Amino acid sequence: MSPAPDPRLPPDPRRPDWRWQLAHALDARALGLEEIPAWPTRVTPYYASLADWGDPADPIRLQVAPDPRERLDDGYPADPFGEDGPAAVAPGIKQRFPDRILAQVSLACAANCRHCTRRGLLGRARAAALPDLLAALDARPAVREVLLSGGDPLLLADDALLAWVDALAARPGIDAIRLCTRTPVTLPMRWGDALIARLAASKRLWVQTQFNHPRELTPEALGLCDRLVSHGIPVSNQSVLLRGVNDDPAVMAELCARLQRARVRPYYVFVCDPIAGISHFRTPPAHARALREYLLTHLGGLACPRVVADLPGAPHKADVL
Ligand code: SF4
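All figures in this text were calculated on a predicted structure; none of them were measured in a lab.

Colleague: Is there a simple way to explain the overall build of the protein chain in this structure?
Modeller: Broken down by element type, the protein chain carries 10 helices and 10 strands. For a compact globule of 321 residues, the expected C-alpha radius of gyration is about 20 Å, and the protein chain comes in at 19 Å, within 12% of that figure. Classification of the 321 residues of the protein chain by burial places 54% in the buried group. For the protein chain, contacts bridging at least 24 residues in sequence account for 76% of all contacts bridging at least 6. As displayed, the protein chain offers around 13,700 Å² of accessible surface, 56% of which is attributable to carbon and sulfur atoms. The distance from the centre of the 38 positive side-chain charges to the centre of the 36 negative ones in the protein chain is 3 Å.

Colleague: Explain the state of the cysteines here, please?
Modeller: Such a bond, covalent and formed between the sulfur atoms of two cysteines, is termed a disulfide. Throughout the structure, instances matching the rule amount to 0 disulfides. Take C225: it sits in no disulfide, and the sulfur closest to it among the cysteines is that of C256, at 14 Å. Residue classification places C225 among the buried residues on the basis of a relative accessible area of 1%. C304 takes part in no disulfide bond, and the closest cysteine sulfur to it belongs to C256, at a distance of 7.2 Å.

Colleague: When you look at the site of the ligand in this model, what are you seeing that I'm missing?
Modeller: Taken together, W39, C109, A111, N112, C113, C116, G151, R182 and Q210 form the complete shell of residues around the ligand. Of all the cavities here, the one that holds the ligand is the largest pocket.

Colleague: How do you make sense of the pairing of strand β8 (residues 265-271) when you look at a structure like this?
Modeller: Looking along a regular strand, one sees side chains alternate from face to face of the sheet. Taking burial as the measure, the 7 residues of β8 include 5 buried ones, the bulk of the element. Here strand β7 (residues 235-241) pairs with β8 via 6 bridges, running parallel. Residue pairing for β8: N237 is matched across the bridge by P266. In this region the chain leaves β7, passes through helix α9 (residues 249-261) and returns to the parallel neighbour β8; the handedness of that crossover is right-handed. Relative to strand β9 (residues 306-309), β8 runs parallel, the two sharing 3 bridges. Of the residues in β9, the one forming a bridge with Y268 is R306. Handedness of the β-α-β unit built from β8, helix α10 (residues 285-298) and β9 comes out right-handed.

Colleague: Explain the layout of surface pockets to me, please; I cannot follow it from the model alone.
Modeller: Summary: where empty space remains is shown by rolling a probe the size of a single water molecule over the atoms. Space inside the largest pocket adds up to approximately 1,400 Å³. Listed by contribution, the elements that provide at least two residues to the lining of the largest pocket are β3 (100-104), β4 (145-149), β5 (176-180), β6 (205-209), β7 and β8. Here the lining of the largest pocket gets 5 residues from one element, more than from any other, and that element is β8. Each residue belonging to the lining of the largest pocket can be placed in one class, and the counts come to 24 nonpolar, 13 polar and 13 charged.

Colleague: Quick question: what am I supposed to make of empty space enclosed by the protein here?
Modeller: Scanning the entire structure with this criterion turns up 1 cavity of 30 Å³ or more. A volume near 30 Å³ is recorded for the largest cavity. Among the residues forming the lining of the largest cavity, the class breakdown is 5 nonpolar, 1 polar and 2 charged.

Colleague: Got a minute to help me understand the sheet that holds strand β1 (residues 88-90) in this structure?
Modeller: Sheet strands pair by backbone hydrogen bonding; their relative direction is either parallel or antiparallel. Reading across from one edge, β1-β2-β3-β4-β5-β6-β7-β8-β9-β10 is the order of the 10 strands in this open sheet, with mixed pairing throughout. The strands lining the two open edges of the sheet, one partner per strand, are β1 and β10 (318-319). The sheet contacts of α10 involve β7, β8, β9 and β10, and relative to β9 the element is tilted by about 160 degrees.

Colleague: How should I be thinking about the packing of helix α4 (residues 130-138) against helix α5 (residues 158-169) in this particular structure?
Modeller: Between two packed helices, the angle of one axis relative to the other and the distance separating the axes together describe the packing. Between α4 and α5, whose axes approach to 11 Å, the crossing angle comes to 20 degrees. In terms of axis orientation, α4 runs roughly parallel to α5. The handedness of the crossing between α4 and α5 is right-handed. Of α5, the residues touching α4 (which contributes L130, L133 and L137) are A163, W164, A167 and L168. Classifying every residue of the contact of α4 with α5 gives 7 nonpolar, no polar and no charged.

Colleague: Help me understand the environment of L133, please; the structure alone is not making it clear to me.
Modeller: Along the chain, L133 turns up in helix α4. Considered as a pair, L133 and P80 are 53 residues apart in the sequence and their alpha carbons are 23 Å apart. Excluding residues within four positions of it along the chain, L133 makes contact with I93, I101, A103, V146, W164 and L168.

Colleague: Got a minute to help me understand the nonpolar core in this structure?
Modeller: Generally speaking, nonpolar side chains in soluble globular proteins are found buried as a group. Ranked by size, the top nonpolar core spans 79 residues in total, and within it L133, L148, L179, W191 and L199 carry the most contacts. The residue makeup of this core includes at least three contributed by each of domain 1 (18-71) and domain 2 (88-319). Not counting chain neighbours up to four residues away, the residues in contact with L179 comprise L148, P153, L154, L161, W191, L199, L205, W206, V207 and Q208. Within the second largest apolar cluster, 8 residues are counted, among which are V240, C272, I275 and F281.

Rules of the game
- Residues numbered from 1 in each chain as written.
- Predicted model: local features only at pLDDT ≥ 70, side-chain atom pairs only at ≥ 80, totals over all residues.
- Heavy atoms only, no water.
- Helix = DSSP H or I, 4+ residues; strand = E, 2+ residues; numbered from the N terminus.
- Rg over C-alpha atoms; globule rule 2.2 N^0.38 Å.
- Buried < 20%, exposed > 50% of the residue type's maximum accessible area, 1.4 Å probe, protein only.
- Contact = heavy atoms within 4.5 Å.
- Areas by Shrake-Rupley, 256 points an atom, 1.4 Å probe, with all protein chains shown as cover.
- Lys, Arg positive; Asp, Glu negative; His and termini not counted.
- Charge placed at Lys NZ, Arg CZ, Asp CG, Glu CD.
- Disulfide = S-S within 2.5 Å.
- Near = heavy atom within 4 Å.
- 1 Å grid on protein atoms, 1.4 Å probe; cavity = no way out; pocket = protein on both sides within 12 Å on 5 of 7 lines; lining within 4 Å.
- Sits in = over half its atoms within 2 Å of the grid points.
- Pairing = 2+ DSSP bridges.
- Right-handed = clockwise from strand over helix to strand, strands pointing away.
- Points joined across faces, edges and corners; volume = space filled by probe spheres on them.
- Nonpolar A, V, L, I, M, F, W, Y, C, P; charged D, E, K, R; others polar.
- Axes fitted to C-alpha atoms, helices over the stretch in contact; angles between N-to-C directions.
- Parallel < 35°, antiparallel > 145°, perpendicular 65-115°, else oblique.
- Left-handed = near helix turned anticlockwise from the far one by under 90°.
- Core = buried A, V, L, I, M, F, W, Y, C linked by side-chain atoms within 4.5 Å.
- Domains from an automatic or database assignment.

As C-alpha cells, this is what we get:
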C-alpha cells in the first residue's frame, strides 16, 4: 500500500502526463533536505509519491534522497571502468567488450539515483552523436549489440529516440538494440502506445530496466511492462544490491517472483559498484553470496537472477559464487 500523501509533493503526484512529471520534478529544497551539489537531487512526483518521506530508512527514499554519507571520502574512484579513459571511443560512446558498444544518447534522468554508477561522470559528459556511433560501428564489425543508455534514453523526444533505433535496426550486423532505461520505475507514463508500437516494429529492441524493490511494482509500472511484453518487446531487470533497500533476501525474492509474474525476466542483481560516494550502499561479498544461495533455493530458474559483480578490467561480469 502506498504511504499517505505528503504535503511536500504536488497534488495528484501520479498524474499520467510525463512532461508534467518532468516539469514538476522535485529537488532537495522542495523535499526539505540538504542538497549535495556534486549530484543534485531530482525525482519525479510519481516516484516521490512511492516513498515515506517521514522515514529516513524508507527503501524508496534511500534511492533518491541525498545522504550526508555521500560527502565522505571513501577512497573509491569516480570512474573505475575507464569510461572517460580507455573505454571511450568518441564523445558519449564507450566500448568495454568486443561485441557490444554503448551510446549515451541522453545525459538526463527522470530521477537521479543516489547509487548511480555514472553519478560522477554525467555532469561533465557529452551526449553521443548518431554519425559518431555509425562510424564506430563501421570500424567494428564484431559489434552485434548496441546499448542506448545515458542518463536515460527515454528522456529524448519520441522522434529523436526513434532516429537512433531506426538507424540501428537498418544495419544487418546489429542483432540487438538494448534500451537501458529506468523510466518503467520512475516515469512509467513516459511510454505512449504509438511509441511502443514503433519501437516494437524494429524487432530488435530489448528493454533493460532497474526495479530494486517490490514497492516499485505499482499498477502503472506493471501496466507498462504488460504493454511492452504484449507488443513483443522483451523486458529484463537488473537490480542493484543496495544496503537498506533490497539486501534482505526475502525482499529480493519477492521482487523477482513478482517480476516473473509480470513477464519481466529478473536477469541480474549487480553488486553495488565501487564508486566514490556510494560505499554506504555496498554490502560485504559474503552477503552477496548468501543472497545468491537464498535465491537459488527459493526461486525457479526463470525467476532467479544471477548475482554478479562488474569488476574493472574483467572480460565479463563475475558471478559472486
Ligand atoms: S536512471 Fe540510471 S543513469 Fe539515471 S541516475 Fe538512475 S542509475 Fe544513473
